[in-house]
Amino acid sequence: MKAAITATAKYLPESILSNHDLEQILDTSDEWIRTRTGIRERRILKDPEKATSHLCSEVARRIIEKRGISAEEIDLIIVATMTPDMIFPSTACLVQKNVAASNAWAFDLSGACSGFLYALNTGAQFIAAGTHDKVLVIGGEKMSAVMDYTDRNTCVLFGDGAAGVLLEPAQDEHHGLLDAKLHADGRGSEHLYMQGGGSRHPASKETVENRMHFLHQDGKQVFKSAVTQMADIAEEIMKRNNLSSDDVTYLIPHQANLRIIQATAERMGIDMQKVAVNIDRYGNTSAATIPICIAELDEDGKLSSGNNLVLVSFGAGYTWGGIYVRWQ
Ligand code: COA
């Protein structure tokens with residue numbers, strides 16, 4: 001049985017951090033950030049009392065309302081995140097409590113910027129097995145919590161946000177998630193990481209002083225791998241499914257850098273008109289970028305039955321992958 005996306009929703013915190021705001025606190029410029037990344041502004045969850053579970057719970061509530069179901073009907077909640085509220089319990093359990101999804105089990109999935117595609121494919125397996133009817137898959141991040149706002153190399157890139165989808169059995173074998181190819185290469189772990197707070201470097205005076213509770217990235221190295229792998233996986237998904245560039249309705253890529261997105265579209269031979277882009281408004285929201293794009297297309301009434309969507313991502317791990325969805 002195939003799994004189809006039957007509802008979508010997004011939730012972005014209201015507070016905007018623009019490139020001009022960053023110019024006030026860092027040696028950077030709007031021009032540098034825009035031309036190197038495509039980002040103009042990003043959203044920040046300012047309330048210190050609120051974290052990733054807040055963003056994801058809003059998404060869950062909206063999906064439940066849009067689909068017109070009760071929370072008790074949800075069988076499983078998967079939250080893809082690298083900024084959970086706490087190491088444990090899982091953020092998914094907090095969402096389960098907040099929306100009173102009393103019959104759902106719940107877990108977090110750690111796939112960094114590929115987390116949503118990992119989670120989407122994982123959720124689809126439970127539908128395919130015939131054991132679950134309604135699986136909520138959410139990508140959510142409070143990236144501002146792990147940003148070093150004195151490091152211009154990283155803090156200009158990321159923002160906060162969440163979005164998700166409801167998976168249900170598809171009406172037939174020709175709609176829903178039709179193909180997925182996911183990858184990992186742990187050798188990339190040395191280029192993009194957050195060392196502090198885990199079992200290797202538990203929180204201490206030293207980990208704080210050495211700024212180990214912030215995200216670190218070798219931007220150049222990650223850029224090179226991302227540009228290659230995103231384009232390769234997009235091409236692979238097209239070949240595996242005999243899709244020509246004309247067949248693809250939308251490319252929905254992870255939003256890390258506009259130049260990576262453009263290179264992927266170019267390799268696929270598709271026009272930028274057919275590419276979901278919102279990095280200018282939200283920056284890189286890690287596991288949330290792809291579902292935010294899907295939710296925006298859906299809200300704008302741009303998705304109709306039979307549309308071919310190619311979703312591709314790349315992130316820390318390294319992790320990367322592609323999923324082919326025929327919209328139901
Ligand atoms: N403002 C101004 N200058 C900045 C800056 C900023 N915000 N950030 C970095 N710079 C400087 C660097 O210090 C460097 O200066 P130097 O040459 O004097 O050392 C210079 O700009 C050029 O840096 P470089 O690394 O060559 O820039 P780039 O074109 O590679 O762009 C990134 C940098 C981070 C935008 C780019 O490498 C990138 O997008 N990487 C991948 C990001 C990614 O995909 N991450 C997540 C995967 S999920």
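Residues numbered from 1 in each chain as written. Predicted model: local features only at pLDDT ≥ 70, side-chain atom pairs only at ≥ 80, totals over all residues. Heavy atoms only, no water.

Caption draft 1: View of unusual backbone geometry. Between Phe-88 and Pro-89 the backbone carries a cis peptide bond, its omega angle lying at 0°. By the element assignment, Pro-89 lies in the loop between β4 (76-80) and α4 (91-98). Omega for the bond connecting Gly-317 with Tyr-318 falls within 30 degrees of zero, at -5°, which places this linkage in the cis form. As for its placement among the helices and strands, Tyr-318 is situated in the loop between β12 (308-315) and β13 (319-326). Positive phi outside glycine occurs at Arg-211, with the angle close to 55°. With respect to the helices and strands, the residue Arg-211 is situated in the loop between α6 (205-209) and β10 (216-217). Within the chain, Asn-242 stands out as a residue other than glycine whose phi angle is a positive 50°. (Helix = DSSP H or I, 4+ residues; strand = E, 2+ residues; numbered from the N terminus.)

Caption draft 2: Spotlight on the site of the ligand. Around the ligand, a shell composed of 23 residues is seen, among which Thr-28, Arg-36, Arg-152, Gln-217 and Asn-257 lie nearest. Contact distances for the ligand include 2.8 Å between an oxygen atom and a side-chain N or O atom of Arg-36. One of the backbone N or O atoms of Gly-219 is found 3.0 Å from a nitrogen atom in the ligand. Compared with its free state, where it exposes 970 Å², the ligand has 76% of that area covered by protein. Counting only elements with at least two residues in the shell around the ligand, the list comes to α2 (30-37), α7 (219-240), α8 (258-268) and β12. With four residues, the top contributor of residues to the shell around the ligand is α7. A class-by-class count of the residues in the shell around the ligand yields nine nonpolar, nine polar and five charged. Inspection of the shell around the ligand shows a minimum of three residues originating in each of domain 1 (3-169) and domain 2 (176-326). (Near = heavy atom within 4 Å. Polar contact = N/O pair within 3.5 Å; in protein donor to acceptor, adjacent residues only side chain to side chain. Areas by Shrake-Rupley, 256 points an atom, 1.4 Å probe, with all protein chains shown as cover. Nonpolar A, V, L, I, M, F, W, Y, C, P; charged D, E, K, R; others polar. Domains from an automatic or database assignment.)

Caption draft 3: Local environment of the pattern of salt bridges. Taken as a whole and assessed by the stated rule, the structure comprises 17 salt bridges. With its nearest N and O atoms 3.5 Å apart, the salt bridge here joins Arg-152 to Asp-27. Taken together, the residues Arg-152 in the loop between β6 (135-142) and β7 (160-169) and Asp-27 in the loop between α1 (19-25) and α2 connect sequence positions 125 residues apart. For Arg-152, a relative accessible area of 45% puts it in the partly exposed group. Exposure remark for Asp-27: the relative accessible area of 62% places this residue in the exposed category. Linking Glu-296 and Arg-281 is a salt bridge whose minimum nitrogen-to-oxygen distance equals 3.1 Å. You can see Glu-296 sitting in helix α10 (residues 289-299) and its partner Arg-281 sitting in helix α9 (residues 279-282), a full 15 residues away along the chain. Each of Arg-67, Glu-73, Lys-134 and Glu-168 takes part in a single network of salt bridges with overlapping partners. (Salt bridge = Lys/Arg side-chain N within 4 Å of Asp/Glu carboxyl O. Buried < 20%, exposed > 50% of the residue type's maximum accessible area, 1.4 Å probe, protein only.)

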